[in-house]
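# Structural description and commentary
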Amino acid sequence: MKFDVVTIFPRMIEAGLAEGVVGRGVEKGIVDVRAHDLRTFTTDRHRTVDDVPYGGGPGMVMKVEPFVRALETIRAERGTPDAVVLLSPQGRLFDQGEAQRLSGLGHVVLLCGRYEGIDERVRDLVATEELSIGDFVVSGGETPALLVIDAVSRMVPGVVGDRESVEQDSFAQGILDYPHYTRPAEFEGRRVPDVLLSGHHAEVRKWRTAEALRRTQERRPDLIEDRRRTEAKETKQ
Ligand code: 4HQ
């Protein structure tokens, strides 16, 4: 799977992909990530990527032309992408379902903004969709882009060695994970639940499912409601 990231901080993207499971996926060539420096698509002496907002107000706005030229270059060098994603708090919320959808595409471009925002015409003319990683504000689209690449790449076959672990991931089933333990069996008076030491695999499975549901009900009742709704829809068909 191919990703192209357009940013004024390409080294943030490179650094963020140097380690871990996704980093190994990049090394293995299963995911191909290219970071493009937005400033290389400017034409003025000062390599200007931002300007004052029309109508006044605080801060600066990112200019449209460098993004348009970046996409022209990406198309020429890498082919027409299947999606051009603008990262912004105004986007649709990114979740596991969105990660799954994007993992089915061959080529995704991610546009990262800085400053107060991006000229609206980038949305209209360059982006095909807008995604948000959550209802909070970060100082640039680079960490959101890395997060999207991570969540999407995990679902690409071969990136995570153990398929089972991807299928068992928290949210793969739409609920939170069960509690995990490893040795020692007792630490500072806190014991690992007996059932996990019992060797009764069916009992272990039952306990984990019950714990996952209990935690989800307690911490994220909205997920139980979502799952109930999708199950209701599935039985209708
Ligand atoms: N941004 N999900 C970039 C975000 C954000 C989010 C704020 C995007 C600043 C310049 N991006 N601008 N939340 O907070 O994607």
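Residues numbered from 1 in each chain as written. Predicted model: local features only at pLDDT ≥ 70, side-chain atom pairs only at ≥ 80, totals over all residues. Heavy atoms only, no water.

### Details of the overall build of the chain
When you go through the chain residue by residue, the secondary structure sums to ten helices and ten strands. Overall, the chain is about 70 × 45 × 40 Å in size when its C-alpha atoms are taken along their principal axes. For the chain, the residues scored as buried account for 37% of the 237 residues in total. At a minimum sequence separation of 6, the contacts of the chain that also span at least 24 residues come to 75%. In the chain, 34 positive and 40 negative side-chain charges are present, and the distance between their average locations comes to 2 Å. (Helix = DSSP H or I, 4+ residues; strand = E, 2+ residues; numbered from the N terminus. Buried < 20%, exposed > 50% of the residue type's maximum accessible area, 1.4 Å probe, protein only. Contact = heavy atoms within 4.5 Å. Lys, Arg positive; Asp, Glu negative; His and termini not counted. Charge placed at Lys NZ, Arg CZ, Asp CG, Glu CD.)

### Observations concerning the site of the ligand
Taken together, the neighbourhood of the ligand is formed by 16 residues, with Ser 88, Ile 133, Gly 134, Phe 136 and Val 138 sitting nearest. Within the contact set of the ligand, a nitrogen atom lies 3.2 Å away from a backbone nitrogen or oxygen of Gly 134. Taking Val 138, its main chain carries an N or O atom lying 3.0 Å from an oxygen atom of the ligand. Mapped onto the shell around the ligand, the elements with two or more residues apiece are β5 (83-93) and β8 (129-132). Considering only residue class, the shell around the ligand consists of nine nonpolar, six polar and one charged. (Near = heavy atom within 4 Å. Polar contact = N/O pair within 3.5 Å; in protein donor to acceptor, adjacent residues only side chain to side chain. Nonpolar A, V, L, I, M, F, W, Y, C, P; charged D, E, K, R; others polar.)

### Some thoughts on the sheet that holds β5
Reading across the sheet, the five strands line up as β2-β1-β6-β5-β8 and stay open at both edges, with parallel pairing between neighbours. Every interior strand has two partners, whereas the edge strands, β2 (32-37) and β8, have only one. Averaged over all adjacent pairs, the angle separating strand axes in this sheet is 30 degrees, with direction ignored. Pairing of β5 with strand β6 (residues 107-111) involves four bridges; the strand directions are parallel. (Pairing = 2+ DSSP bridges. Axes fitted to C-alpha atoms, helices over the stretch in contact; angles between N-to-C directions.)

### Notes on the packing of helix α4 (residues 96-103) against helix α6 (residues 142-153)
Interhelical geometry of α4 versus α6 gives an angle of 75 degrees and a closest axis separation of 8 Å. Comparing the axis directions of α4 and α6 gives the class roughly perpendicular. Side by side, α4 and α6 meet where Ala 99, Leu 102 and Ser 103 of the first sit next to Val 148, Ala 151 and Val 152 of the second. In terms of residue class, the contact of α4 with α6 is built from five nonpolar, one polar and no charged. (Parallel < 35°, antiparallel > 145°, perpendicular 65-115°, else oblique.)

### Some points on the domain arrangement of the chain
The assigned domain composition of the chain is domain 1 (2-153) and domain 2 (170-236). Here domain 1 and domain 2 have C-alpha centroids that lie 35 Å from each other. (Domains from an automatic or database assignment.)

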